[in-house]
Amino acid sequence: MSILNRTLLLLTIIILLSPISTLALDSLEYNEDLPNLRLEGSDTYNDGTIILLFSQGNNETRFNTDEIHLRIIFVNRQVNKVKIDLSSYPDLIPKCKGYKYLECSLNPSALIDGYVLIESFRNNTRKQMIVTWDGTIQSVLNLCGYQLSVAFDSKQDFLITESKKSSLIWSKFTVKNNLLKEEKSTYNVSKSNTNIDFYETLPLVEGGYATIIFTKTIFNNNKNESNEIYIVYFKDVPPYKRYLLHSFDSMISENEFRYFVGGFKNSFDGSGYTYLFFFKNHSFRIHFLSNGAVTFIDVNYLNRMNEKIFATPLFYGDYLGQSNNSLVIYDDNFQIKHVLDIPYDNENNYISFIMQKQSLFWSFNYNYNQKWNINYYPINSIDTTDSRYIYQNPSIIGTYPKIDEIVQIPSKNRKPFDFIINYNKPIMTSNENIIIYQYLNDNDIILRQIIPGQSEFCQLINETAISIKIFVSTLHQINAKYGIRVENNFVKIQFNEEPLLQISERIWTFNTSLETPEKLADQVTFIARLIFDEKNIKFYEKITSKHNNILKQLKDELVQAIPIDPIRLKIHKKVQIEDSNGQVLISATIMPPTINIGTERSTDSVLKDLNELIQQKKYNIISNGGITRFLDENYGVIAIPDFWTRYKNDLIILLISTIITGIIILYAHYKYPEGKNFFSIIKIILVTYDLILDIAFVIISANDVPYLFVFSLSSVVIPILFNMTMTIYSLIQEIVHNKDFNKWCKENGFITSIFTVLSSADVEALHILSSKIAGLNAFSAPPLSAKISRLVFLAGFINIFLEDIPQFIIQTRIQRKFYSSCNVIAP
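Fair warning: this is a prediction, and the values are worked out from it, not measured in the lab.

Draft legend 1. Inspection of the overall build of the protein chain at higher detail. Scanning the protein chain from N- to C-terminus turns up eleven helices and 44 strands. Across the 827 residues that make up the protein chain, the buried fraction comes to 50%. Within the protein chain, counting contacts between residues at least 6 apart in sequence, those at least 24 apart form 59% of the total. Accessible surface, the protein chain as shown: approximately 40600 Å² in total, 54% of it carbon and sulfur.

Next comes the structure, spelled out in structure tokens:
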């Protein structure tokens, strides 16, 4: 927009736009603390943020200081004050006498969030400066006849284009690490005798920019001209893609008036782009797609001087225009749908006063008494209860979870969540992302998960709905607020492959709660593996040295990634070198919550979430960490079982059993000191325990590895049969050849039967029958004969090879299988 148009626009807005309307929403009133402020200009960002630019002066001298002042009015009506010091750039102050806009002025243009371009004009000399919202001048430019184009997300980049005869010069500005970086290049028209007659630049939904270029080629001794309309795409780096949209030839007439004006419309709903323009005596409407394909062309669509060409495309469809000094809504055929009750003059260009996504029109009123106000008027282009308005996306029907819904986190089942987006037209997946983040406070957020559209985690449920899998670890914290941002080009329209618009940050938000209370667990220690490649071997050298800060950095990054209270995570200083080529094992301990107020997860949940975060690190913040990016996703984390936690019950039972056994032994010794009380009682306990473990080994442990079941069963059954056979044979021999033993057996048949069973676990249990425990007759059998004693000893020796060694080998195989198949062992 020229400086003259901007000036006329500003003056007319102040003088003619009525501040009172029955349709006006609550206005914003603001009191300035600076005297003699004069409004220089205003503009509106894509997200609805408004900027006002003021100078300080009087009727004789407009700029009597080296400062200018910005007012940034956010959608929530908050106002930020910004002072810009121009003392180091005196040439940027267009000082002149009086309040003469036609002689000198300053005009702001909204760029991306956090940046504004301010143009200084005096005596046909223009200079521009790019200024941040904190008042810092980032760059000073000397542009003439330029155009600004801002990316749809208002956060990443913007483009400045200039035309010079047969060349189009573009400068792309991108914010990286809070620094504004410029990339510059030139597009040249390839035909000879061809110049650029007119151009217009537009941002693309899928990223990048395109420029519609009108070229004029003179031939036949300056009697004829060829006019061509191209669309040129500036998406990445040269070579650029160029497509011909339309061409026509005409005679050159000296008296012909070349009336040339146009405007484009991006429907935002995936239907493509429409360009409307007048040229000479004709009007045109060209519709095309992002791939350059022209779908239709209408010639003489409007009358030559029809003012409707100035109508502004609206975000949710239709056009905002003017008719008979009133603002009106036009449909796509430029038929009036309804008239807005907003007084307006037909000379105004009102595009800078539209809050597109909020469907509002705003006006500024200031009487120079240090008090100004902004009035808001609904455009009524869409119902405020419509899902498209709620999600600020023309293609959205609804989502799961809904906005501000509470998502319950399961305490046991770790199945991923299925979030759903419903569109109002058939879609297909594309190559951009959906991003889940967590609010740390009202202003700060942290990345939790990134899911590419073309990944196994995004699946179409039907033609219009897509399901996105969200990891349980992504929603780690409870009673917390989360948000979802859907990037431009996350999905496309099926029939024309046009990318659909994003869902911006701070719209689709939800909260979390715990499905059932978690059982608090004690601390748990785990190990993880770091793998440093050749490019990052310096980290390996540091982490293996005695003095390093790598482990502290690792802790800080893990605390942020989980997230968890730093007090609960302790990284151990000692590391284990697993491989001299760059593999290191580290260990850490997760502590239980110091104070359980319902927001901290149990150690078991933290451990499982951390394991999942590492295994899926390419989708979360761990892959961006300076040290966490080296964590081995194939290793995850392995818990080191805490001895007391794991064996606490067993140890208590053992302690009680030991005390009871000790009492029995002391009592037996008191009753009959000559008996083999100690060893015999211990032998009874061990043999009984051995028999129970043999049976449990087959029933429980052997099933963990099915292919070892037969061997496990054999290692128990064969020894039992062997011991039982040797026991029965020994007893029969003693009963037949030893009259005293025969007599004792007849008197103690029950005890004989019990020890026959116990001896199936260990044939040496037969010696207990003659141990004389506590002098009891039940343990006072005559000693076994020398022959049978040797036989029992030999059987016990053979039993080592039949039972003990095979079971040891099988147990080893089972444990190896278990550790190799599990990444996390819960305590």
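Draft legend 2. The layout of surface pockets, seen in detail. Its boundaries defined by the atoms lining it, the second largest pocket holds a volume of some 1700 Å³. As for the second largest pocket, its lining consists of 43 residues, and the residues nearest its centre are D47, D113, K155, E505 and R506. Breaking the lining of the second largest pocket down by element, the ones donating at least two residues are strand 33 (433-439), strand 34 (445-452), strand 37 (481-486) and strand 39 (503-514).

Draft legend 3. Structural detail: the environment of L180. Note that L180 resides in strand 13 (residues 179-188). L180 sits 41 residues away from S139 along the chain, and the two C-alpha atoms are 8.8 Å apart. If we ignore the near neighbours within four places in the chain, the residues touching L180 are Y115, I130, Q138, F158, F173, T174 and V175.

Draft legend 4. Broad picture of the pairing of strand 9 (residues 137-141). Bridging between strand 8 (residues 125-132) and strand 9 involves four bridges; their strand directions are antiparallel. Among the inter-strand pairings, Q128 is bridged to a residue of strand 9, identified as L141.

Draft legend 5. Spotlight on the nonpolar core. By size, the foremost hydrophobic cluster in this structure holds 37 residues, and its most contacted members are F526, L530, F532, I543, L569, I586 and I590. Residue assignment for this core shows that the elements contributing at least two residues are strand 34, strand 40 (524-531), helix 3 (537-543), helix 4 (550-561), strand 41 (569-571), strand 43 (583-590), helix 5 (603-615) and strand 44 (637-640). At six residues, the largest contribution of residues to this core is made by helix 4. Contacts of L530, omitting those with residues within four sequence positions, involve I543, L554, G582, Q583, V584, I586, I627, F630 and L631. Of all hydrophobic cores here, the second largest spans 34 residues; its members include Y391, I436, I470 and I507.

Draft legend 6. The pattern of salt bridges, seen in detail. Applying the stated rule across the entire model yields 19 salt bridges. Note that K83 and E67 form a salt bridge whose closest N and O atoms lie 3.7 Å from each other. Pair noted here: K83 is in strand 5 (residues 79-85) and E67 is in strand 4 (residues 67-73), with a separation of 16 residues, a long-range link. According to the relative accessible area criterion, E67 is partly exposed, its value standing at 27%. The salt bridge partner of R601 is E518, with a shortest N-O separation of 2.7 Å.

Draft legend 7. Looking closely at the sheet that holds strand 9. Within the open sheet, the four strands sit side by side as 6-7-8-9. Their pairing is antiparallel. What marks the edges here is a single partner per strand, and that holds for strand 6 (104-110) and strand 9. Each adjacent strand pair in this sheet contributes to an overall mean axis angle of 20°, direction not counted. Strand direction decides the pairing type here: strand 7 (residues 115-122) and strand 8, joined by eight bridges, are antiparallel.

Draft legend 8. Here's a closer look at the UniProt feature "transmembrane region" (unreviewed entry) in the protein chain. UniProt's feature table lists "transmembrane region" (unreviewed entry) at residues 651-669, 681-702 and 708-732, given in the numbering used throughout. A helix fraction of 100% and a strand fraction of 0% characterise residues 651-669, whose end C-alpha atoms lie 26 Å from each other.

Draft legend 9. Summary view of helix 10 (residues 749-758). For helix 10, the set of buried residues is I751, T752, F755, T756 and L758. For helix 10, the angular spread of buried residues about the axis comes to 160°, placing them on one side.

Draft legend 10. Region of the structure containing the sheet that holds strand 30 (residues 405-409). Here we have five strands laid out as an open sheet, ordered 30-39-37-33-34, and mixed in their pairing. Edge strands, defined here as strands with exactly one partner in the open sheet, are strand 30 and strand 34. Taken over all neighbouring pairs, the strand axes of this sheet differ in orientation by 30° on average, direction set aside.

Calculation rules
- All residue numbers refer to positions counted from 1 along the written sequence of the respective chain.
- It should be noted that, the model being predicted, local features are given only for residues of pLDDT at least 70 and side-chain atom pairs only at 80 or more, the latter also being counted only at that level, while totals for whole chains, interfaces and linings use all residues.
- Computation of side-chain values covers all heavy atoms of the structure but excludes hydrogens and water.
- Under the scheme used here, helices are H or I runs from DSSP no shorter than 4 residues and strands are E runs no shorter than 2 residues, and both carry numbers assigned from the N terminus.
- Buried residues are those whose accessible area, probed at 1.4 Å on protein chains only, stays under 20% of the maximum for their type, while exposed residues exceed 50% and partly exposed ones sit between those limits.
- Pairs of residues are marked as contacts when any of their non-hydrogen atoms sit within 4.5 Å.
- A 1.4 Å probe and the Shrake-Rupley method give the accessible areas. Residues count as covered only by the protein chains that appear here.
- Every definition here rests on a 1 Å grid over the protein atoms only: cavities are sets of points where a 1.4 Å probe fits but cannot get out, pockets are open sets enclosed by protein on both sides within 12 Å along at least five of seven lines, and lining residues have some atom within 4 Å of a point.
- Grid points are joined across faces, edges and corners, and a volume is the space filled by probe spheres set on the points.
- Between any two strands, at least two bridges found by DSSP are needed for them to pair.
- Definition of nonpolar core: a set of buried residues of the types Ala, Val, Leu, Ile, Met, Phe, Trp, Tyr and Cys, connected through side-chain atoms within 4.5 Å.
- By definition, a salt bridge exists where a carboxyl oxygen of Asp or Glu is found within 4 Å of a side-chain nitrogen of Lys or Arg.
- Interaxial angles span 0 to 180 degrees and are taken between N-to-C directions of axes, which are lines fitted to C-alpha atoms, for helices over the stretch in contact.
- UniProt positions are given in the numbering used here, feature names are shortened, and annotations may be inferred rather than shown by experiment.
- Directions pointing from the helix axis toward each C-beta atom define the arc.

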